[in-house]
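Fold and contact review
What follows is the residue order along each chain.
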Amino acid sequence: MVQLTYLPQLPLPVSPLVLFGALLLAGLVTGELVHRVLRLPRIVGYVLIGLALGASGIGVINHQIEREARVFIDIGLGLILFDLGRRLDLDWLRRDRWFTATAVAECALTFICIFFALMVFDIQPLYAAVAAAIGISTSPAVVMLVVQELRAEGQVTERALNLVAINSVVAVVLTTMLLSWIHHEYHAGEIIMLSHPLYLLSGSLLLGYVAGGAAIMLARWLGKHKDLQLVMLLGLIIVAVGSAAALKLSVLLALLTFGVMVKNRDQNHDLMQANIMKFGQIFFVVLFVMTSATLNTGDLIAGGTIAVVYILARFVGKSVGIMSLAHFSGIRPGSAGLLAIALTPMSGTSVVIVHGTLAVYPDFGARLAAIVLSAVVLLELLGPIAVQYALKKAGEAGEERV
Amino acid sequence: MNPETLEFRSSQAYSVGVELELQILNCRDYNLARDAADLIGLIDKSKHPGEVKPEITESMIEINTSIHHEYGTLAEELAQIRDTVAQAATRMNLRIAGGGSHPFHKWSERRIYPTERFKYLLDTYGYLAKQFTIFGQHIHIGVPDGDTAIYLSHIFSRYVSHFIALSASSPFQQGEDTAYQSSRLNTVSAFPLSGRLPFVQSWKEFLDYFEQMRGYGIVESMKDFYWDIRPKPEFGTVEIRVFDTPLTVDRAADIAGYVQALARYILTERPLQPSRDVYALYNYNRFQACRYGLQGKLVDAYRRRHVTIKQDILETLELITPHAADLRGSAALAKLTADIVADRTDAAWLREAYSSRGSLNDVARMQSELWMAGALVN
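Residues numbered from 1 in each chain as written. Chains lettered and ligands numbered in written order. Predicted model: local features only at pLDDT ≥ 70, side-chain atom pairs only at ≥ 80, totals over all residues.

**Topic: the overall build of chain B**
Quick note on the threshold: Going along the chain from the N terminus, every DSSP run of H or I of four or more residues is numbered as a helix, and every run of E of two or more is numbered as a strand. To get the radius of gyration, use the C-alpha atoms; to get the globule rule, take the number of residues to the power 0.38 and multiply by 2.2 Å. To sort residues by exposure, count the other C-beta atoms lying within 10 Å of each residue's C-beta; 20 or more gives buried, 12 or fewer gives exposed, and values between give partly exposed, all with C-beta atoms placed from the backbone. Working definition of a contact: two residues with C-beta atoms, positioned from the backbone, lying within 7 Å.
If you tally the helices and strands in chain B, you get 14 helices and 13 strands. Since a compact globule built from 378 residues should have a radius of gyration of about 21 Å, the 20 Å found for chain B is in line with a globular shape. Judged by the C-alpha coordinates and their principal axes, chain B covers about 55 × 45 × 40 Å. For chain B, with 378 residues in total, the buried portion stands at 50%. Here the analysis covers contacts within chain B between residues at least 6 apart in sequence; of these, 78% occur between residues at least 24 apart.

So, in structure tokens, the structure goes:
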């Protein structure tokens, strides 16, 4: 018998390319079905197919595949965080103090509400505090993608995006600072207790700062060419994501800082508004499919009551924070409530933070995951729908194209 | 307005009022934003001079001054309204810009402001309604009666190229340099009821014409005529609508000062009689002004000569100087004269901004920084 050596050996090895393409197509089709049949955001479809293929479903997406797809997920997350950072307008916060006050109140009340609600349900203070800090965050990916899908524009949209950025920064900084407490709990030395958060915060900020400075300098050199500037930004984003991971820094904080720098420190207006989100679309589909594939619906059943308490407390904190002060910052009556609803989503960011702590003390991370991730499972599905509702109701969605 | 009572409401001669249509920009890429409703809501929360109103798409607002008798108070009120609008805009992280067109917005992305009239216009005119996201200045000049309004409208038509060249500030449209100084008027010309007043000689003749058109079912009110210069009976004014919104309110006030003095010259000296020849040459002269601005050619129907618009304006400025002095508006004319002699026009400013920066986003940003003046500093 002749050996057909030119044929591949069975079983076929997993090719990252085939994987990426397949996940993209699976997400695309489900997203489109959900959009056409249920008139829901396409993200809901990405999440559903992820759940179906992942740990909670038929298990096609396992840890090995997750590792293979890691690079795509990281790039997707990096693009979103950078673009969100670009939306955070420090000038605006300086000019409209009431808006700044709203943001502060919203973050503080969210933390307080979740913390005390969890305490009532007998969660230890340390877990309650970390979970509450994570609860401040609103998913940048979900809000940005729904905004993009609806082509939404207006005061609720702009304010929601600025609040999402602020929420994310506050959540990361707060959980990082709480690391000291966790280290203390696990009897790590004082040096680790203090130096770890310090390294994470200053390192991530510095990385974002350097990337931002590099972007502005390169943009000046390249001149006003949108396409060149887009490639330059993509390059820097990927380098920044990679460096943050390699240096064990916070990708989230570094990339947000990068975006904020680019928006607020570009005094000569050298940078153009390159459309990162449009380019990133293919990564975002895979990002959502993969993130939800790692979620376990079993968590939801295990943490059932706690998940509901967590979500309700979080919503109360955010709503009260926003509705009490938003009026003074000159937005239309009624938009404050919609703004609060638009901050419902929680997903990628919180998963990243949970996994960050998981890496340090697996046992702590696992117990924290039981509280937070069960809420994330629910909000992955409810979040996009809430954002779509809020933006449509506010009349800020673009006209639908037939 | 009730069409049965198209009565001409008398108003004080040479009183003047200004309307400006303005651009609302976001401050990310300085494209047009869609926040007119929120912005108007915020502005109306506080007491402010003049009026602020929605326009056909959500990216526009219109500001109106009250009635003035001299240039100084008009300029002052315009500056006050500008400060109010600019401060409200910064609170919503928006920018406001002058200029007859937004340099790079895409008309297909515009949304009609949700009122009955604007929805009707979209139904009637289709894409033209969205393309109508262009920004003009309207100047009202008070007249005592309808006959005077008709006379003044006809003589103003002789000066239409002045009005266009003085305010031209729409060289860019949809991301392209149009080669025009005012490209905005080309968009207006697409409307079937645009154009000019018919050659009627009295208010009564005009009413007959209006009734005839209404009988044909073409119009219901004066609002349906998009004429360059039209009588406005319910205000008791002649309204000139060919101006692009200038880049600053100062320039808008200066032009109003020019028109006011010109009106006084026309009505007190009655130097010209309405002439069909003016209208025979009208479209040619109008095109020259749109395309070339101050350097355009003006064919003078009365003196049967060719002259540059710049030259004709400078000569007119001399003629009307005594009238400006009587109206206490000499300052406006002095500023205009200096600008015209030096060829400082808004269209030139915009092109200069583009060639220095190489990006229309920057042009829009600089446009807004110029219009908002001090509001962005604090």
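Here the narrative resumes.
**Concerning the packing of helix 1 (residues 16–38) of chain A against helix 2 (residues 42–53) of chain A**
All names here are of chain A. The cut-off we apply is this: Only the stretch in contact is used when a helix axis is fitted, and all axes are lines through C-alpha atoms; the angle between N-to-C directions ranges over 0 to 180 degrees. By the definition adopted for this analysis, an angle is roughly parallel if under 35 degrees, roughly antiparallel if over 145, roughly perpendicular if from 65 to 115, and oblique otherwise. Note on convention: near helix rotated counterclockwise from far helix by under a right angle means a left-handed crossing. Clockwise means right-handed.
Look at helix 1 against helix 2: their axes get within 7 Å of each other, and the N-to-C directions meet at 130 degrees. Here helix 1 is positioned oblique relative to helix 2, judged by the angle of their axes. Here helix 1 and helix 2 pass one another in a crossing that is right-handed. Contacts from Ala-26, Gly-27, Thr-30, Gly-31, Glu-32, Leu-33, Val-34 and His-35 of helix 1 reach helix 2 at Arg-42, Val-44, Gly-45, Tyr-46, Leu-48 and Ile-49.

**Description of unusual backbone geometry**
Even without being glycine, His269(A) reaches a positive phi, approximately 55 degrees. Within the secondary structure, His269(A) sits in the loop between helix 11 (251–264) and helix 12 (276–294). According to the C-beta neighbour criterion, His269(A) is partly exposed, with 16 such atoms within 10 Å. Even without glycine at this site, Gln174(B) takes up a positive phi of about 50 degrees. Here Gln174(B) shows up in the loop between strand 6 (172–173) and strand 7 (176–177).

**Things to note about the packing of helix 3 (residues 63–87) of chain A against helix 7 (residues 140–150) of chain A**
All names here are of chain A. This is how the line gets drawn: Just so you know the grouping, Ala, Val, Leu, Ile, Met, Phe, Trp, Tyr, Cys and Pro go in nonpolar, Asp, Glu, Lys and Arg go in charged, and all remaining residues, Gly too, go in polar.
Where helix 3 contacts helix 7, the two axes come as close as 10 Å, and the packing angle between them is 75 degrees. In terms of axis orientation, helix 3 runs roughly perpendicular to helix 7. Residues Ile-80, Leu-81, Asp-83 and Leu-84 of helix 3 form the contact with helix 7, whose own contacting residues are Pro-140, Ala-141 and Met-144. Its residues placed into classes, the contact of helix 3 with helix 7 shows six nonpolar, no polar and one charged.

**So, the confidence of the model for chain B**
Going by this rule: pLDDT expresses how confident the predictor is about each individual residue, on a scale running from 0 to 100.
Of all residues in chain B, 98% attain a pLDDT of 70 or more, and the chain-wide mean is 94. Here the predicted complex scores 0.91 on pTM and 0.87 on ipTM.

**With respect to helix 1 (residues 36–45) of chain B**
Formally: Here the arc refers to the directions that run from the helix axis out to each C-beta atom.
Of the positions making up helix 1 of chain B, those classed as buried are Ala36(B), Asp38(B), Leu39(B), Leu42(B) and Ile43(B). One side of helix 1 of chain B carries all its buried residues, which in axial view fall inside an arc of 165 degrees. The exposed residues of helix 1 of chain B that point more than 90 degrees off its buried face are Asp44(B) and Lys45(B). On its buried side, helix 1 of chain B packs onto helix 8 (155–185) of chain A together with strand 1 (16–26), strand 2 (51–54), strand 3 (60–64), helix 2 (71–91) and strand 4 (94–97) of chain B.

**Topic: the pairing of strand 5 (residues 136–142) of chain B**
All names here are of chain B. Where we set the bar: Should DSSP find at least two bridges between two strands, the strands are regarded as paired.
Burial analysis of strand 5 places seven of its seven residues in the buried class, which makes it a mostly covered element. Burial along strand 5 is two-sided: Gly-136, His-138, His-140 and Gly-142 facing one way and Gln-137, Ile-139 and Ile-141 facing the other are all buried. For strand 5 and strand 11 (residues 237–244), the ladder comprises six bridges, and the chain directions are antiparallel. Looking at strand 11, one finds that Ile-141 is bridged to Val-238.

**Some details on the environment of Leu20(B)**
All names here are of chain B. Secondary-structure assignment places Leu-20 in strand 1. Residues Leu-20 and Ser-101, 81 residues apart in the sequence, show an inter-C-alpha distance of 13 Å. Excluding anything up to four places from it in sequence, Leu-20 contacts Glu-62, Ile-63, Gln-137, Thr-245 and Ala-252.

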